[in-house]
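# Notes for the structure review
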Amino acid sequence: MQRFSMLSDRHPGAGVLFHILGPLTVRTEHGPADLGTNKQRLLLAVLLCRPEKVLSTDCLAYALWGDKPPSSAASNIRLYVHRLRRALGRDRIITQGRAGYRLRAQPPEIDAHRFADLVHDGHAAFGAGDPHRASQRLRSALSLWRDRPFTGMEDEPALQAEADRMKEIHLSAVELRLDADLALGHHVGLVPELVGLVAEHPLREHLHAQLMLALYRSGRQAEALDVYRRIRRLLVRELGLEPGSELRAMEAMILSGASFPSPRLPSFPGPHPLPEGSRPLMESHQGKRPSHSVDIGVGSPSGVQ
């Protein structure tokens, strides 16, 4: 994975920072940028999901208006781009002739990419047997998370899949940080947090296994086994499934009174929230109506919608 420690001297607006892990905001060297109308903000969010990629006018029109764009869609998009250039810098959004538009932004300028780098470091540290560094890096990553990605816009069809995917990666980072803290022996202090997370994600088996381990290491064996019984009943009732191997092994070890090894290195859906390998429909749609939602994984003058 390529690491980014500094911005290129030749990159425009080196003082610009894009925040998508929460409400969409942009901070320039002059302070917070005025991003304008809702459609204008949505256009920027879509471009931010694929920085340095050319997105066609047809793709952007579909992202902004679905399959019924106004006849003025292309001119409206040109106006939004013009206004965003005034807010962010004229060289930030590049017109690629008739091909479309490209947002110039390096990974360190986008909080989701900085989050991904820190999570990658934490995952590597945990895999190398350094839970202390892993916990530190993961806490730094999670501190960047202000709220749901694209808060207030996450239900937009053009952003929903990417927002959901980033939320899944965030939860996996939380689980990995908990694994690191369990490996450091912080089981007693983790119980309240794990109880809340299990209530919020009742079918998440690894969280239940972590809660069982924290309770057992805190001398609360009966409660740990009760966690297993509850998740088993829920899985059978809701999904018709028995608990997976991790939960079954945890129950067996608690019943045997065995000591536990350090938490496993969990599988991780990443490590990057915006992987180069994914081919969003935004890139492949060229002038025809997409068959499903755009997967990109973010008052007007009269007549502008």
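Whatever comes next refers back to the structure up there.
All of the points below concern the structure found in this document. (Residues numbered from 1 in each chain as written. Predicted model: local features only at pLDDT ≥ 70, side-chain atom pairs only at ≥ 80, totals over all residues. Heavy atoms only, no water.)

## Examining unusual backbone geometry
The criterion, for reference: Secondary structure elements are taken from DSSP: a helix is a run of H or I of four residues or more, a strand is a run of E of two residues or more, and numbering for both begins at the N terminus. Remark: exposure states derive from per-residue accessible area (1.4 Å probe, protein chains only) relative to the maximum for the residue type, with buried under 20%, exposed over 50%, and partly exposed in between.
If you check the backbone angles, glutamate 52 has positive phi at about 65 degrees while not being a glycine. Along the chain, glutamate 52 falls in the loop between α1 (38–49) and β4 (54–55). With relative accessibility at 34%, the residue glutamate 52 sits in the partly exposed group. Its identity as a non-glycine residue notwithstanding, phenylalanine 150 has a phi of 55 degrees, on the positive side. Tracing the backbone through its elements, the reader meets phenylalanine 150 in the loop between α5 (131–143) and α6 (157–183).

## Overview of the sheet that holds β4
Adjacent strands of a sheet form backbone hydrogen bonds with each other and so pair up, either parallel or antiparallel. Worth spelling out the cut-off: When DSSP locates at least two bridges between a pair of strands, those strands are taken to pair. Working rule for contacts: check all heavy atoms of both residues, and any pair within 4.5 Å makes them a contact. Angular values range over 0 to 180 degrees, each being the angle between N-to-C directions of two axes fitted as lines to C-alpha atoms, with helices fitted over their stretch in contact.
Spatial strand order, β4-β6-β5: 3 strands in an open sheet with antiparallel pairing. Edge strands, defined here as strands with exactly one partner in the open sheet, are β4 and β5 (93–95). Here β4 runs beside strand β6 (residues 101–103); their pairing, made up of 2 bridges, is antiparallel. When the sheet's bridge partners are listed, valine 54 is paired in β6 with arginine 102. Sheet strands touched by α1: β4, β5 and β6. Its angle to β6, the strand with the most contacts, is close to 75 degrees.

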